[in-house]
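Residues per chain, in single letters:
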Amino acid sequence: QQHRGYVVKSQGDGFMLAFPSAALALRACLAMRDRIGKGFEDHRINIRAGLHSGEAIKRDDDFYGHTVVIAARIGSLAQGGEILASDLVHALSRGLGSFKFGEARHATLRGLDGSFALFPVLNE
């Protein structure tokens with residue numbers, strides 16, 4: 001709520017979250033990574049997140065479409081403690097000057113044509 005996002009749905013131990021902007025999604029992911037990463041008792045917890053931006057089909061309380069598939073596939077490639085942003089999220093937010101990204105790595109996403117540039121989000 002602090003970053004104007006909301007939980008669309010959960011599946012297993014994963015969540016689909018929606019935000020009104022790429023910058024708000026990035027800030028929320030960084031906050032979650034840092035807060036949850038502190039862990040529970042003596043056990044560190046590493047979340048992983050994949051971010052993409054674009055048009056989606058909203059039906060009832062769920063989102064569908066190409067954008068949602070891309071975000072899910074990116075999230076599946078992230079390592080524990082890593083936030084990966086698509087080239088579109090990178091382009092939308094890099095000009096703000098408040099986010100740092102690592103070098104792009106190129107990957108294919110299951111079921112999708114072509115190669116995608118994915119940028120690790122380092123910090124704010």
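Attention here is on the structure that accompanies the text. The structure displayed is predicted, hence computed values, not measured ones.

### Thoughts on the packing of aromatic side chains
So, point 1. Counted under the stated rule, the structure contains one aromatic pair.
So, point 2. Relative to Phe 119, the ring of Phe 101 lies with its centre 6.4 Å away and its plane at 80°, an arrangement referred to as edge-to-face. Here Phe 119 lies in strand S9 (residues 115-123) and Phe 101 lies in strand S7 (residues 100-101), a separation of 18 residues in the sequence.
So, point 3. Among the residues examined, Phe 101 registers a relative accessible area of 17% and is labelled buried.
So, point 4. For Phe 119, a relative accessible area of 13% gives the class buried.
So, point 5. One residue, Arg 59, lies across the ring of Tyr 64, its end atom 5.2 Å from the ring centre.

### Observations concerning the pairing of strand S1 (residues 6-11)
So, point 1. Note that S1 and strand S2 (residues 14-18) share five bridges and pair antiparallel. What sits directly across from Tyr 6, in S2, is Ala 18.
So, point 2. Here S1 hands over to S2 after two residues, with Gly 12 in that stretch at a positive phi of 65°.

### Re the pattern of salt bridges
So, point 1. Applying the stated criterion to the full structure yields three salt bridges.
So, point 2. Here Glu 82 and Arg 105 are joined by a salt bridge, their closest N and O atoms 2.9 Å apart. Of this pair, Glu 82 sits in the loop between helix H2 (66-77) and strand S6 (83-86) while Arg 105 is found in strand S8 (residues 105-108), placing the two residues 23 residues apart along the sequence.
So, point 3. Classification of Arg 105 by relative accessible area gives partly exposed; the value is 31%.

Cut-offs used in this document
Residues numbered from 1 in each chain as written. Predicted model: local features only at pLDDT ≥ 70, side-chain atom pairs only at ≥ 80, totals over all residues. Heavy atoms only, no water. Phe/Tyr/Trp six-rings, centres within 6.5 Å; stacked < 30°, edge-to-face > 60°. Helix = DSSP H or I, 4+ residues; strand = E, 2+ residues; numbered from the N terminus. Buried < 20%, exposed > 50% of the residue type's maximum accessible area, 1.4 Å probe, protein only. Lys NZ or Arg CZ within 6 Å of the ring centre and 35° of its normal. Pairing = 2+ DSSP bridges. Salt bridge = Lys/Arg side-chain N within 4 Å of Asp/Glu carboxyl O.

The values are spatial; any link to function lies outside them.
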